[in-house]
Amino acid sequence: MNKYRLFIDPEKEEMWINKIQQDGYRLVSNTLDFIYTFEETDEKYITRTDYQNHMSKEKYDEYLNIHEEFGWEHIRGGRFGMTQQIWSKIEDGNDKLFSDRDSKINFYKRQMNFTGSLAFLFLIYSFIFEPVTGNNLFLTSGLWDMQGTEFWRAFLFELPFAIMRFLPAILFPIAAVLFFVSYYKSDQAKKALEKEK
Amino acid sequence: MRPKLLPLSETMHLIMLALRKPLHGYAIMQLVNEMSDGQVSIAAGTLYGALDNLKKHHYIELLSDPSERKKVYQVTKLGEEILELENQRLKKFISLYEKGEG
């Protein structure tokens, strides 16, 4: 079974996956960030997300090996820090990736590094693709002076192009805001843990 | 100035004590669990982060060949010195406890 979903907030992604897994499924792969493939299972699977910065080949091997020794199966991730790391295992009571405050705080810091830089990137994109409005949206000359079917034909013909011109200008700021929200949430969670120290 | 990471956190301390003999990831967790009477159960991500950090400071080293699947770690000479410093520090604390107030 495939499900299509695009997550900005890793915590929401983790909760969403685990909710589906409670109904007798397990995540087998996550392709291109938005295609989640599940299959039916009788076991109870739990999924956790992690984020790691760029790792050397040796470090990445150690990262994979240690998690696999604990029974975690690597569903998604790589060594270049471009995506979340997704880990799944059959529930056995030892179902967290982090067991002490320091390592959980470090996890939030890495996560914030990721969401923070993406927020910043999309913010820059938002400025590059500043909204095209009014007359510049449709480039057919004299479009607004046309009448009747001639107008509609020209208008509908150019509509997809106009949308393509307009869409980045709204999607990039939205992405920037969502990444900032996710960044802020990690920061709050991190600060709450630091207070306990 | 004190060497880095000192005083050691509970997790790092137990991992270093366990690594006085060569061990791989899961065995470290098992031994730490046993040493702490079941109180400390280290999760995979925490263990990876701690090993990475200890390795960065050369307190432990990777014994196995990088091409080998199973990764085996052990405390280095420097690591042993660090453990000795912690031993002295904790002995001092115990003597403070035993002397009572003042």
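Criteria and thresholds
- Every chain is numbered independently, its residues counted from 1 as its sequence is written.
- All chains are assigned letters beginning at A, and all ligands numbers beginning at 1, according to the order in which they are written.
- Predicted model: local features are reported for residues with pLDDT of at least 70 only, side-chain atom pairs are reported and counted for 80 or more only, and whole-chain, interface and lining totals are derived from all residues.
- Values reported for side chains reflect all heavy atoms of the structure, with hydrogen atoms and water molecules removed beforehand.
- Counting from the N terminus, the helices are the DSSP runs of H or I reaching at least four residues and the strands are the DSSP runs of E reaching at least two.
- Accessibility here uses a 1.4 Å probe with only protein chains present; expressed as a share of the type maximum, an area under 20% marks a residue as buried, one over 50% as exposed, and anything in between as partly exposed.
- Residues count as neighbours in contact if any of their non-hydrogen atoms are within 4.5 Å of one another.
- Here the open area of atoms and residues is found with the Shrake-Rupley method and a 1.4 Å probe, where only the protein chains shown may cover a residue.
- Residues scored as charged are limited to Lys and Arg (positive) and Asp and Glu (negative), so that His and the chain ends carry no count.
- Where a charge lies is defined by one atom per residue type: Lys uses NZ, Arg uses CZ, Asp uses CG and Glu uses CD.
- Once two parts are put together, the accessible area they lose, assessed with a 1.4 Å probe and summed over both, is termed the buried area.
- The salt bridge definition used is simple: a Lys or Arg side-chain nitrogen within 4 Å of an Asp or Glu carboxyl oxygen.
- By the criterion applied in these results, polar contacts are pairs of N or O atoms within 3.5 Å in which, for protein atoms, one can donate a hydrogen and the other can accept it, and in which residues neighboring in sequence qualify only through two side-chain atoms.
- Two strands make a pair as long as DSSP finds a minimum of two bridges between them.
- Each patch is assembled from residues with relative accessible area greater than 30% and no salt bridge, linking like charges that lie within 9 Å and nonpolar side chains (Val, Leu, Ile, Met, Phe, Trp, Tyr) that lie within 5 Å.
- Among the buried residues, those of types Ala, Val, Leu, Ile, Met, Phe, Trp, Tyr and Cys that are joined through side-chain atoms within 4.5 Å form a nonpolar core.
- Reported domain spans reflect what an automatic or database domain assignment gives.
- UniProt positions are given in the numbering used here, feature names are shortened, and annotations may be inferred rather than shown by experiment.

Caption draft 1: Geometry of the overall build of chain A. Along its length, chain A carries 4 helices and 6 strands. When the elements of chain A are put in sequence order from the N terminus, they spell out β-α-β-β-β-α-β-β-α-α. Viewed in the frame of its principal axes, chain A has a C-alpha envelope of about 70 × 40 × 35 Å. Across the 197 residues in chain A, those meeting the buried criterion constitute 41%. A separation of at least 24 residues holds for 63% of the contacts in chain A among residues at least 6 apart in sequence. Just so you have it, chain A exposes about 11,700 Å², and 58% of that area is on carbon and sulfur atoms. For chain A, the centre of its 24 positive side-chain charges and the centre of its 29 negative side-chain charges are spaced 5 Å apart.

Caption draft 2: Molecular detail of the interface of chain A and chain B. At the junction of the two partners, chain A supplies 22 residues and chain B supplies 23 residues. It is E62, E69 and F70 of chain A in chain A that bury the most area against chain B; as a group they hold 32% of the surface buried on that side. The interface formed by chain A and chain B holds 3 salt bridges in total. In this structure, the connection of chain A to chain B is made through 14 residue pairs in polar contact (both at pLDDT 80 or more). Those elements that provide at least two residues to the side of chain A that touches chain B are α2 (57-69) and α3 (101-128) of chain A.

Caption draft 3: Up close: the pairing of strand β2 (residues 25-31) of chain A. All names here are of chain A. As paired elements, β2 and strand β3 (residues 35-40) share 6 bridges and run antiparallel to each other. Paired with N30 across the bridge in β3 is Y36. Here β2 hands over to β3 after 3 residues, with L32 in that stretch at a positive phi of 50°.

Caption draft 4: Structural context of the side chain of T46 of chain B. On the secondary structure map, T46 of chain B appears in helix α3 (residues 44-56). For T46 of chain B, a relative accessible area of 3% corresponds to the buried category. There is a polar contact of 2.7 Å between the side chain of T46 of chain B and the side chain of S103 of chain A.

Caption draft 5: Representation of a nonpolar patch on the surface within the structure. Residues and elements named next belong to chain A. On the surface, F120, L121, L123, I124, Y125, F127, I128, F129, F180 and Y183 cluster together into a nonpolar patch covering about 940 Å² of accessible area. Sorting the residues of the nonpolar patch by element identifies α3 and α4 (148-195) as the ones contributing at least two each. The leading source of residues in the nonpolar patch is α3, at 7 residues. Within the secondary structure, I128 is located in helix α3.

Caption draft 6: Layout of the nonpolar core. Of all hydrophobic cores here, the largest spans 43 residues; its most connected members are I15, M16, L19, I28, L47, L51 and I60 of chain B. Discounting chain neighbours no more than four positions away, the residues touching M16 of chain B are L8, L54, Y59, I60, V75, G79, I82 and L83 of chain B. Core analysis: the second largest hydrophobic core is formed by 8 residues, I17, Y36, F38 and I75 of chain A among them.

Caption draft 7: The domain arrangement of chain A, seen in detail. Residue and element names in this part refer to chain A. Assigned domains of chain A: these are domain 1 (2-98) and domain 2 (102-196). Domain 1 and domain 2 are separated by 27 Å when their C-alpha centres are compared. Taken together, the contact pairs 14 residues of domain 1 with 11 residues of domain 2. Buried surface at the junction of domain 1 and domain 2, both sides included, amounts to about 1,200 Å², of which 60% is carbon and sulfur.

Caption draft 8: Up close: the UniProt feature "transmembrane region" (unreviewed entry) in chain A. Under the UniProt annotation, "transmembrane region" (unreviewed entry) lies at residues 118-139 and 159-181 of chain A. Annotated as 100% helix and 0% strand, the span residues 159-181 of chain A places its first and last C-alpha atoms 32 Å apart.

Caption draft 9: Spotlight on the environment of I60 of chain B. Residue and element names in this part refer to chain B. Within the fold, I60 resides in strand β2 (residues 60-62). The class for I60 is buried, based on a relative accessible area of 2%. Each C-alpha atom, one on I60 and one on G100, is 37 Å from the other, the two residues being 40 residues apart in sequence.

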